Amino acid sequence: MPTWNSRGLRGSTLEEYINRTNEKYLEHGLALIQKIPTPITPITIDKQTRHITLAYFDQKSTVDYIGVVQGIPLCFDAKECHTDTFPLQNIHEHQVIFMQNFEKQGGIAFFLISYSAKDEFYYLRLAKLMEFWQRMMNGGRKSFCYEELEQDFIFKSAGGILVPYLESVQRDLLLRD
């Protein structure tokens, strides 16, 4: 079987882990989080396998996931990082604007970053992202380093949950009070 070599599939493993985590959260009545599909228009379809072989994106996607946790709306995007430096070019301005508007409506917006070489996850609060974003916009670094991360928001798989991010959501809420 031929392999698919696409930049668009880089986060597939992380997204699968998050999907399984979200199923567990739903089973336990903790949260209802759904993956938002990226809208595409097929150009070429293989008639034998009925698979799309060429397509283009209809519009810019905003976030990967949206839902509610114990009555609190949240949205987030999943990213993978294979080094200790995360390039801000992996986050798009339209995502930042969407997330800012989401928080203005009382929701929580964040990024889940998988540091695959460390086997760790990081919950990047929108407020922390904005520090890095403003630094970049003011002519500073166009990335952030692992050492700059908020240590309280670094976590690993635990208790049968692949990406246990709800504790970080709780921590984020406490910082807002």
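Higher on the page you've got the structure.
On a predicted model such as this, the values are computed, not experimentally measured, just so you know. (Residues numbered from 1 in each chain as written. Predicted model: local features only at pLDDT ≥ 70, side-chain atom pairs only at ≥ 80, totals over all residues. Heavy atoms only, no water.)

Caption draft 1: Molecular detail of unusual backbone geometry. Unlike most non-glycine residues, Gln70 shows phi in positive territory, near 50 degrees. Along the polypeptide, Gln70 turns up in the loop between strand 4 (65-69) and strand 5 (72-81). Judged by its relative accessible area of 58%, Gln70 falls in the exposed class. (Helix = DSSP H or I, 4+ residues; strand = E, 2+ residues; numbered from the N terminus. Buried < 20%, exposed > 50% of the residue type's maximum accessible area, 1.4 Å probe, protein only.)

Caption draft 2: Representation of the packing of helix 2 (residues 93-104) against helix 3 (residues 126-137) within the structure. Two elements in contact, helix 2 and helix 3, have axes separated by 11 Å at closest approach and are oriented at 140 degrees. Judged by the angle between their axes, helix 2 and helix 3 are oblique. Like other packed secondary-structure pairs, helix 2 and helix 3 cross with a definite hand, here left-handed. Seen from helix 2, the contacting residues are Glu93, Val96, Met99, Gln100 and Glu103; seen from helix 3, they are Leu126, Leu129, Met130 and Trp133. Its residues assigned to classes, the contact of helix 2 with helix 3 comprises six nonpolar, one polar and two charged. (Axes fitted to C-alpha atoms, helices over the stretch in contact; angles between N-to-C directions. Parallel < 35°, antiparallel > 145°, perpendicular 65-115°, else oblique. Left-handed = near helix turned anticlockwise from the far one by under 90°. Contact = heavy atoms within 4.5 Å. Nonpolar A, V, L, I, M, F, W, Y, C, P; charged D, E, K, R; others polar.)

Caption draft 3: Up close: the pattern of salt bridges. Applying the stated criterion across every chain yields a total of ten salt bridges. Here Lys118 ties to Asp84 by a salt bridge, and the two come within 3.5 Å at their closest N and O atoms. With Lys118 in the loop between strand 7 (108-115) and strand 8 (120-125) and Asp84 in the loop between strand 5 and strand 6 (85-87), this pair connects stretches of sequence that are 34 residues apart. Under the relative-accessibility criterion, Asp84 is labelled partly exposed at 32%. Note that Arg135 is salt-bridged to Glu148, the shortest N-O span being 2.5 Å. (Salt bridge = Lys/Arg side-chain N within 4 Å of Asp/Glu carboxyl O.)

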